[in-house]
Amino acid sequence: MNIEVVITALVGIITSLASWFAARRKNLADVQSSELENVEKAVKFYREQLEDIANRWRAATDEANTMNQLYKQAITDLNSLEIRFNQLADENRALIEELKKYKQLNGKILTHE
């Protein structure tokens with residue numbers, strides 16, 4: 001009877017060890033599979049974030065280029081307006097001189113200028 005108890009105990013221990021070993025391998029495979037799924041999710045998340053940042057960067061760059069073109073156009077317009085202003089100021093001075101000459105010819109001299 002003593003041997004039967006030992007054999008039963010040994011069979012139980014061997015079965016337990018075999019079950020533990022098989023379960024351990026399965027658990028390791030499950031853990032690795034879970035880790036791979038988590039890595040895939042993280043990669044997908046970061047890829048989406050990177051694409052979003054790239055799209056925002058493109059939009060910001062396009063907007064900056066548009067603003068730069070508008071700025072250059074405004075500078076060009078300002079320069080042409082400045083030239084036109086100077087032309088009109090010169091024309092105004094010439095007309096004032098003509099008016100002074102006309103008034104002097106008529107005997108009317110400006111007392112204040």
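In case you missed it, the structure is sitting above this.
Cut-off values and rules
- Residues numbered from 1 in each chain as written.
- Predicted model: local features only at pLDDT ≥ 70, side-chain atom pairs only at ≥ 80, totals over all residues.
- Heavy atoms only, no water.
- Helix = DSSP H or I, 4+ residues; strand = E, 2+ residues; numbered from the N terminus.
- Rg over C-alpha atoms; globule rule 2.2 N^0.38 Å.
- Areas by Shrake-Rupley, 256 points an atom, 1.4 Å probe, with all protein chains shown as cover.
- Lys, Arg positive; Asp, Glu negative; His and termini not counted.
- Charge placed at Lys NZ, Arg CZ, Asp CG, Glu CD.
- Salt bridge = Lys/Arg side-chain N within 4 Å of Asp/Glu carboxyl O.
- Buried < 20%, exposed > 50% of the residue type's maximum accessible area, 1.4 Å probe, protein only.
- Patch = residues over 30% accessible without salt bridge, like charges linked within 9 Å, V, L, I, M, F, W, Y side chains within 5 Å.
- Phe/Tyr/Trp six-rings, centres within 6.5 Å; stacked < 30°, edge-to-face > 60°.

(A) Seen up close, the overall build of the chain. Looking only at helices and strands, the chain features 1 helix and 0 strands. Relative to the compact-globule value of 13 Å for 113 residues, the chain shows a C-alpha radius of gyration of 47 Å, a clear excess of over 25%. Each principal axis of the C-alpha atoms in the chain carries an extent, and together these give about 155 × 25 × 10 Å. Total accessible area on the chain stands at roughly 10,800 Å², and carbon and sulfur atoms take up 62% of it. Between the averaged position of the 15 positive side-chain charges in the chain and that of its 17 negative side-chain charges there is a distance of 4 Å.

(B) Quick peek at the pattern of salt bridges. Throughout the structure, instances matching the rule amount to 3 salt bridges. The shortest N-O distance in the salt bridge between Arg56 and Asp52 comes to 3.3 Å. Within this pair, Arg56 and its partner Asp52 are both found in helix α1 (residues 2–105), separated by 4 residues, close to a single helical turn. Judged by relative accessible area, which is 58%, Arg56 ranks as exposed. With a relative accessible area of 31%, Asp52 lands in the partly exposed category. As a salt-bridge pair, Arg93 and Asp90 come within 2.6 Å of each other at their nearest N and O atoms. With Arg93 and Asp90 both in helix α1, this residue pair falls 3 residues apart, about one helical turn. Given the relative accessible area of 46%, Asp90 is considered partly exposed.

(C) Layout of a nonpolar patch on the surface. Taken together, the side chains of Ile13, Leu17, Trp20 and Phe21 present a nonpolar region at the surface, about 450 Å² in accessible area. Position of Ile13 among the secondary structure elements: in helix α1. With a relative accessible area of 47%, Ile13 lands in the partly exposed category.

(D) Expanded view of the packing of aromatic side chains. By the definition in use, this model includes 1 aromatic pair. Look at Phe45 and Tyr46: their rings are 5.3 Å apart centre to centre, the planes differ by 70°, and that puts the pair in the edge-to-face class. By relative accessible area, which is 44% here, Phe45 ends up partly exposed. Residue classification places Tyr46 among the exposed residues on the basis of a relative accessible area of 57%.

Read these as geometric descriptors, not functional statements.
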